[in-house]
Structure formats: structure tokens, C-alpha cells
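# Summary of structural features
What follows is the residue order along each chain.
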Amino acid sequence: MVPIQMVDLKRQYLKIKPQVDAAMAEVLDNAAFINGAPVQQFTNALQTYLGVKHVIACANGTDALQIAMMALDLAPGDEVITPSFTFIATAEVIALLQLKPVFVDVDPKTFCLDPEQVEKAITPKTKAIVPVHLYGHSAEMEAIMEISRKYNIPVIEDNAQAIGGHYTFSDGTTKKLGSIGQIGCTSFFPSKNLGCYGDGGAIFTNDDALAAKIRMIANHGQSARYYHDVVGVNSRLDTLQAVVLNIKLPLLDEYIKARRAVADAYDAGFAGIPQITTPYRAGNSYHVYHQYTLQLNGADRNALQQYLQERQVPAMIYYPVPAHRQKMFASFGGAEFNLPVTDDLTSKVISLPIHTEMDADQLQHIIDSVKSFLNQNSK
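As the structure is a prediction and not an experimental result, all values here were calculated from the model. (Residues numbered from 1 in each chain as written. Predicted model: local features only at pLDDT ≥ 70, side-chain atom pairs only at ≥ 80, totals over all residues. Heavy atoms only, no water.)

### Examining the packing of aromatic side chains
Overall, the coordinates contain 16 aromatic pairs when judged by the stated rule. A ring pair is formed by Phe 87 and Tyr 319, whose centres lie 6.3 Å apart and whose planes are at 45°; its orientation type is tilted. Of this pair, Phe 87 sits in the loop between β2 (79–83) and α4 (89–96) while Tyr 319 sits in the loop between α10 (301–310) and α11 (340–346); the two residues are 232 residues apart in sequence, bridging distant segments of the chain. With relative accessibility at 47%, the residue Phe 87 sits in the partly exposed group. Measuring from ring centre to ring centre gives 5.4 Å for Phe 103 and Phe 329, while their planes differ by 75°; the resulting arrangement is edge-to-face. With Phe 103 in strand β3 (residues 100–104) and Phe 329 in the loop between α10 and α11, the pair connects residues that are 226 residues apart, well separated along the chain. By relative accessible area, Phe 329 is classed as buried at 0%. The rings of Phe 85, Phe 87, Phe 111, Tyr 135, Tyr 318 and Tyr 319 are connected pair by pair, giving a single aromatic cluster. (Phe/Tyr/Trp six-rings, centres within 6.5 Å; stacked < 30°, edge-to-face > 60°. Helix = DSSP H or I, 4+ residues; strand = E, 2+ residues; numbered from the N terminus. Buried < 20%, exposed > 50% of the residue type's maximum accessible area, 1.4 Å probe, protein only.)

Here it is in C-alpha cells:
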């Protein structure tokens, strides 16, 4: 059996090696390392794929979130509603800009922002809502956008884990995740469903004025060369990363299909086991399974992780300490937030390997290993 990886980037690369090597060699020959033609080719292709008017590439997903918030002219002390159950970057940029993170609980099934809790958290200082499409499942965007319209609060979608996913509204309209809010953000970190071979990110919007401002901010606040209209940053996608993404974007739906097939196999393998809750799939969300995350009920998570490691099965805990309980947010009153669902989930979740290259032998070994542990440790 091929050694199991959480994400097997080497085997994925080998399938596209000739195209990637040739494209990278062309960049090296041309020496157009910054703002080469492939960058614009990629942003144009991603605009078409997502169905948005503007895609602005940047250096990474964290920059994407920061630039999005800067483009909304948020002022120090403004409140931004976001989940605590997410990768730290979502909340980190809020604090970095001297805004106040307002942590809201998540739905226990989808792991994404609970719209009812969002509305309860709104105050006159609330200036943005940042839902996270965690693990590849969509937040409840119809309800969130209704709140956005009701209170005139912009929505920034953190779509770092769900590129290629889509959401279906009650009227039957379907939209790609990242294209629903006023701004969408994503990361092209190598392990993402659409990943490059270094760092990369992008920002999406259908608002022409916002797009112009985002472009300025990402390029030192320039409206024209050496004319700086706003305070900006230096954040761009380099040409070598763009050529990789140009090759992988046409394969994204195929990659998602492979991930969903792995999830189907896990679902079948763990069906009927009382100690396991498999990932929920809402009928209006097309889950793209950036992670396959179990909830354990009455089983020792750390012991399971150790047992799997001994059987050469990697397993990860995303995320063991929620943002509101991190030291970095103590001065923002993090520990004062009452988020029982988040605290419960962070004590129960464990993610199993899922990627585009998994084979039947690997899957069966993982499933058998989990079942073996539970059989040996049933209460």
C-alpha cells in the first residue's frame, strides 16, 4: 500500500508534471516573474469559473481577508462578526486592523456561522460579517445575506476551504461560494482544493468600485505608477504560482469529484457506528471536502489519533483551541464569549486523510483502523 498522507501533493503533481514543468520552464526562460501574462490569464479564467466580475490575485489568503477589510474603510473599534471555530487568520486580520472581533457560535451540524446567533450579535458598531465555509461546506448564505440587507452590513466570505463549492437559494438559484457576499476571499496554499506550489490568494467581487479599491490597496495604494491614493500593502501572486493554477483550475471539478468519492466511502464505512457522526451535507450546499471531519461521541479523540498514527494513518485536529480562547484575543474579551457549540466541537472533531489520489486499499485501511480502535475501546 502506498504510504498514506493527509494530502498527497507529490502524487497529484506527478499526474500533471509534464505540463507544470514546461510552464515553469517558460516562465524561467521569459524571466517575467512578477505580473507575467499567466497571472492575468488565471484571474480571467477564475472570474469565468466563479461567475464574478472581478478577481484580484494576491499573495495569500490572509492578505486577501486583510485587503477586503481595508477596502470597506473599517475604522478602529468597528466590530466584525466571525466564527471562533476557524483557522486563526480569519480573526487575526480583524485584530491586526484594530477592529474588534465579535465571535459568534456555529451550527452544530455544518460547523459554519449560525445566522440566528449572527443577528443577536449585531450592534450599531457592527460593520462586517465574515462567514467561513469551513471544511468545504457552505455557511447558510441565504439567511446571512438577508441579515446583511436588513442591517446594511457587508459580508466578506472566507472561502479558503471551499473553492469550487456552491450554494442553492430557495428560489433555485445556484451560486459559487465566494461570489455571494460583497467580497469573497480564498487561499491557494498547496494543500487547498485548488492549491499552487507556494503561497497565493485571491479576492472576488461584483462591485466595480470595490474592485478598483482592492486593486489599489494590493499594489501600495497606487491609482497610477507612483501616485498613491490610499494606504496599501504589497500583495501579489507571482507568475510561477499562476502557471500552476492555470493548469489545475480546469481540473478543479475533477479534484472535487474525487474528494467527494472518498467522503462517500468514509460515510458508508462508518454508517451505523454510534460513536461517530459523519460530516453533514445540507441539501443546499455542495460540499467539496477540504477536510473530512468526524465528531466523536464517547470516544477518546487523542487516543484514537495516537492509535491511527501507530498504524501509519495521519489524522489532524482542526482546530483544538478556538479563536476566542487563544491568548492573542484575551485583550478583546475573548474568554467572555459564550460559545457552547464551538467549545463542544473543538473537543470532539478529528479529520481523516482526504485528497485526490486516495485509493481503495488506503481507504479500507483507514476505515478498518478507526473501527478497530472503537471496538477495542467501547464503553
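The rest of the description comes next.
### Quick word on the packing of helix α3 (residues 61–71) against helix α7 (residues 208–218)
The interhelical angle for the contact between α3 and α7, taken along N-to-C directions, is 125°, at an axis separation of 9 Å. Classified by the interaxial angle, the pair formed by α3 and α7 is oblique. For the pair α3 and α7, the crossing hand works out as right-handed. Between α3 and α7, the contacting residues are Ile 67, Met 70 and Ala 71 on the first element and Leu 210, Lys 213, Ile 214, Ile 217 and Ala 218 on the second. In terms of residue class, the contact of α3 with α7 is made up of seven nonpolar, no polar and one charged. (Axes fitted to C-alpha atoms, helices over the stretch in contact; angles between N-to-C directions. Parallel < 35°, antiparallel > 145°, perpendicular 65-115°, else oblique. Left-handed = near helix turned anticlockwise from the far one by under 90°. Contact = heavy atoms within 4.5 Å. Nonpolar A, V, L, I, M, F, W, Y, C, P; charged D, E, K, R; others polar.)

### Description of the sheet that holds strand β13 (residues 285–286)
Strand order across the open sheet formed by three strands is β7-β6-β13, with antiparallel pairing between neighbours. Two strands in the sheet have a free side with no partner beyond their single neighbour: β7 (174–176) and β13. Relative to β13, strand β6 (residues 166–168) runs antiparallel, the two sharing two bridges. Of the residues in β13, the one forming a bridge with His 166 is Tyr 286. (Pairing = 2+ DSSP bridges.)

### Focus on the pattern of salt bridges
As enumerated under the stated definition, the model contains twelve salt bridges in all. Of the charged contacts, one joins Arg 11 and Asp 8 as a salt bridge, the two residues approaching to 3.9 Å between their closest N and O atoms. One salt bridge in this structure joins Arg 325 and Asp 343, with 2.9 Å as the shortest N-O distance. Here Arg 325, found in the loop between α10 and α11, pairs with Asp 343, found in helix α11; they are 18 residues apart in sequence, far enough to count as distant. (Salt bridge = Lys/Arg side-chain N within 4 Å of Asp/Glu carboxyl O.)

### Focus on the pairing of β3
Side-chain direction in a regular strand flips from residue to residue, so the side chains alternate between the two faces of the sheet. When you tally the buried positions in β3, you get four out of five residues, the bulk of the element. As defined by bridge partners, β2 adjoins β3 across five bridges and the pair is classed as parallel. By the bridge assignment, Pro 83 is partnered in β3 with Val 104. Handedness of the crossover is the feature at issue here: the chain leaves β2, passes through α4, returns alongside β3, and the resulting connection is right-handed. (Right-handed = clockwise from strand over helix to strand, strands pointing away.)

### Here we look at helix α2 (residues 37–50)
Think of an α-helix as turning once every 3.6 residues; residues three or four places apart then point the same way. Here α2 spans 20 Å end to end across 14 residues, near enough to the 20 Å set by a 1.5 Å rise per residue. Tucked into the core, α2 has its buried residues touching β1 (54–58), β7, β9 (201–205), α8 (239–248) and α9 (252–270). At the exit of α2 stands Gly 51, carrying a positive phi of roughly 75°. (Expected span 1.5 Å × (residues − 1).)

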